[in-house]
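Examining the three-dimensional arrangement
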Amino acid sequence: MKLKSTLENYLFVLPAVVIFSIFYIYPFSQVFYLGLYEWDGVSAAKQFMGLTNFKEIIFSDPIWWKSMLQAGWMTLVALTFQNILAFLLAWACDREIRFKNWYRLVFFIPPILSEVVVGLVWQWILEGNYGLLNSWLTQVGLSDLTRTWLTDPKTALNCVAIVHSWKGFGWGFLIFLAGLQTIPRELYEAAKVDGANSWYTFTKITIPLMVPVAILVAILTILGTMQAFVLIMAMTGGGPAYHTQVPILRILGSMDGSRYGYACAQGILFGVILVTISFIQYRFSKRSQAKGA
Amino acid sequence: MKFGRFAILIVFFTGIILSGCGQKNEGASNPSEAKKISLTVWHWMTDRESALQELSKKYEEKTGIKVNFELYAPSDAYAQKVRAAAQGNNLPDIFSVLGEKRDFAAYVKVGHISNLAPFMEANNQEWEKGFFSKALATSEFIEGNSYGVAPGIYGVPIDMTSIMMLYNKDLFKELGLDPERPPVKWEDFLAIGQKIKEAKKQGLVSGWGEIWMIDCIANNFAFNLMGKDKVLLTIRGEVPYTDPDWIRVFTLFKQMQDAGLLYNGLVSMVNKTAEQLFANGKAVFAFNGSWCVNVYQGMNPDLKYGVMFLPRISDKFPVSVWGGAGSSFMVYDKSKNKEGAIKFLQWLSDKEQQMFLAEETRNLPANKGAAGRISPALAEFSKAIEYSTHPRVWGVSEFSQVIEAFDKGIQSIIIGEKTPEQVAQEVQKIKERELAKKKNK
């Protein structure tokens, strides 16, 4: 009877295990396997290289690390600018303001637009010679500030990071709004009866109760931004030189150069880095929650 | 009982899910369908799609064989699709290999591409003789080639291309220049930069955000400065990139930037943007391929432009042009319809179809017999074919890492971040690293 029950349990999870193994574990193991070889993606013969590809990425590929740092910078901008904006707008929309449903709709438009379209539109806005931004700056007498925003090494990455944040803040907005709506209204009413002002209510009720939501949004932001590339491809193609290169563009570049083994090794290493970041953040959030409790 | 039924359900659904992972049944289940031949062609040429569909209809009317042209664009997505299909042995009857000769060789060596030399050479080389030799050269592997490919012809060119400089005749007039006398020497070209700056116009546009176009112009400069042999010796690793001639090549980009000849923001520009800007009269010069004749016609039929060679830097060696076969089709060697595919390509590359393609798509035909029916602008590009060269005919390929460092380095020079000497050293360092790796294999 016990054996039958155990078998039944295993049968319940079997489809999920089979699908997961076929579509996740097997491809992952193949990618790792290919990362140990030098392979052009076509030839039947692959040359075994051991860990050479991994060593080369870690010790002799400064552009890879530059791309990691640049993705890190974009993530930092997203974590601060994008998420603070998302939270403040969600907080505003959670209050009794006029047209709040309209705002909710408008704030969620950027995430549902195609990244390529957004990239091209912003490319036109930021274009150095005939772009809208430079035109506006000239009209308001700030022509000294005009520049080729996307080809100036000093501004290219920041422009891409800001556009990425603009494109992505709607997701955070939606999650924050959902989180804010789960806070029992009685807490606010009780605080009001006790004489708490808005700031006190915000810092002592809203923020502590939103910490788990903020952690979730932060994890999604980190994973989403580190893997961003379509928008960058549309806006700058990773240039000028290497100034807007990010890891996924490097992996694609290796594939274009017929270096599939190297691209696989880059993919594995990038995956490990992302998992490590997520794990650290998970541990950190668990500790924060435990402290809060 | 309950458990048994549940187990059957699990097995059933797992079976359904896994059945999707099985290989496609290549054979037709109905014997009458098997007799009906249809060919599948994968291509990426959005501008030629309607003309190719038209030709497909004509071929079906003539032979009863249906040819399905399937468009997969852009070209890099197409290249990935072909590569993935090659892994699964699911290539169509006819396809193209984009990329470098090294990639092409890999497809041939693994047995995906048919050697068409016996068909080309049949009947006293009737098929082969119909093509311009430069068009065929990019698909050819000669005896003793460095890729280790059996000698033969592995592709059928359907058109030709050459990449040249273009100038806007109206803007030339506005700058006080003679629109019928474009600059021939480098110094004359640089001098125009000053006029462009003074008139607050923009100079040269091109897709230099896509590294292959920088590679193309840089190699043209190098051929003119040091000759083909020295360029090939560099690729073989016998001449360093720190050689003064190579530093001069890098310096030319700095000179163009300093002279005000380059469009602001050129280094991140894709060729489509460059084409729009030139077609709309926003730039004096463009560096573009012969396909642009069709593109500009579509964007601005009133555009008045001239075609010129790159300004000459040195008199020691001729000015060269990247060119040869524009697009070529290959026959999948494991195709069940191999013979039909070859016959279709023979028909497609025939004079009549080539004339139709040249007229409809404004591309240079690969067939000599069709060359008389091209537009005047295209005729200018065709003159350059004589001076054309292409990495696919060099017999050696540069490491992709070196090409990237070379072209990104030029971008760095243009944005004023690095000096030509710094870039030369960086490129050479990568070259030496790759040579050492190759030696250790």
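Fair warning: this is a prediction, and the values are worked out from it, not measured in the lab. (Residues numbered from 1 in each chain as written. Chains lettered and ligands numbered in written order. Predicted model: local features only at pLDDT ≥ 70, side-chain atom pairs only at ≥ 80, totals over all residues.)

A few points about the overall build of chain A
- On a plain count of helices and strands, chain A comes out with 13 helices and two strands.
- The C-alpha atoms of chain A give 24 Å as radius of gyration, which overshoots the globular expectation for 293 residues (19 Å, by more than 25%).
- Dimensions of chain A, computed from C-alpha atoms along their principal axes, come out at roughly 80 × 75 × 30 Å.
- For chain A, buried positions account for 33% of its 293 residues.
- Pairs at least 24 residues apart make up 71% of the contacts formed inside chain A by residues separated by at least 6 positions. (Helix = DSSP H or I, 4+ residues; strand = E, 2+ residues; numbered from the N terminus. Rg over C-alpha atoms; globule rule 2.2 N^0.38 Å. Buried ≥ 20, exposed ≤ 12 C-beta atoms within 10 Å, placed from the backbone. Contact = placed C-beta atoms within 7 Å.)

Quick notes on helix α16 (residues 376–383) of chain B
Residue and element names in this part refer to chain B.
- Three or more residues of α16 are buried, namely L378, E380 and F381. Down the axis of α16, the sector holding all buried residues measures 150°, keeping them to one side.
- Buried residues belonging to α16 abut β7 (159–168), α13 (292–299), β10 (305–308) and β13 (364–365). (Arc of directions from axis to C-beta.)

Re the interface of chain A and chain B
- Opposite the 32 residues of chain A that make contact, chain B presents 33 residues.
- Broken down by secondary-structure element, the contributors of at least two residues to the side of chain A that touches chain B are α1 (2–35) and α12 (247–256) of chain A.
- Here the side of chain A that touches chain B gets eight residues from one element, more than from any other, and that element is α1 of chain A.
- Partitioned by chemical class, the residues of the side of chain A that touches chain B number 13 nonpolar, 13 polar and six charged. (Nonpolar A, V, L, I, M, F, W, Y, C, P; charged D, E, K, R; others polar.)

Description of the domain arrangement of chain B
All names here are of chain B.
- Looking at the assigned domains, one finds that chain B contains domain 1 (38–158 + 326–382) and domain 2 (162–323 + 399–440).
- If you look at the interface, domain 1 gives eleven residues, while domain 2 gives nine residues.
- Among the elements that take part in the side of domain 1 that touches domain 2, α16 stands out by supplying four residues, more than any other.
- Counted by class, the side of domain 1 that touches domain 2 contains four nonpolar, three polar and four charged residues. (Domains from an automatic or database assignment.)

What to know about the packing of helix α3 (residues 62–94) of chain A against α12 of chain A
Residues and elements named next belong to chain A.
- Close contact between α3 and α12 brings their axes to 8 Å; oriented N to C, the two are set at 145°. Within the contact between the two elements, α3 uses I63, W64, S67, M68 and A71 and α12 uses P247, L249 and R250.
- Classifying every residue of the contact of α3 with α12 by side-chain character gives six nonpolar, one polar and one charged. (Axes fitted to C-alpha atoms, helices over the stretch in contact; angles between N-to-C directions.)

Things to note about the environment of F270 of chain A
- Relative to the assigned elements, F270 of chain A resides in helix α13 (residues 260–292).
- Each C-alpha atom, one on F270 of chain A and one on V31 of chain A, is 12 Å from the other, the two residues being 239 residues apart in sequence.

Re unusual backbone geometry
- Of note, the amide linkage connecting G239 of chain A to P240 of chain A takes the cis form, showing an omega dihedral of 0°.
- Along the chain, the position of P240 of chain A falls in the loop between α11 (230–235) and α12.
- The residue after A73 of chain B, namely P74 of chain B, is reached through a cis peptide bond having omega 0°.
- Following the sequence through the fold, P74 of chain B ends up in the loop between β2 (66–71) and α4 (75–87).
- Phi at A241 of chain A takes a positive value of approximately 50°, unusual for a residue other than glycine.
- Here A241 of chain A lies in the loop between α11 and α12.
- Although it is not a glycine, R362 of chain B sits at a positive phi angle of roughly 50°.
- Note that R362 of chain B resides in the loop between α15 (351–361) and β13.
- On the basis of neighbour counts, which here come to 22 C-beta atoms within 10 Å, the residue R362 of chain B falls in the buried class.

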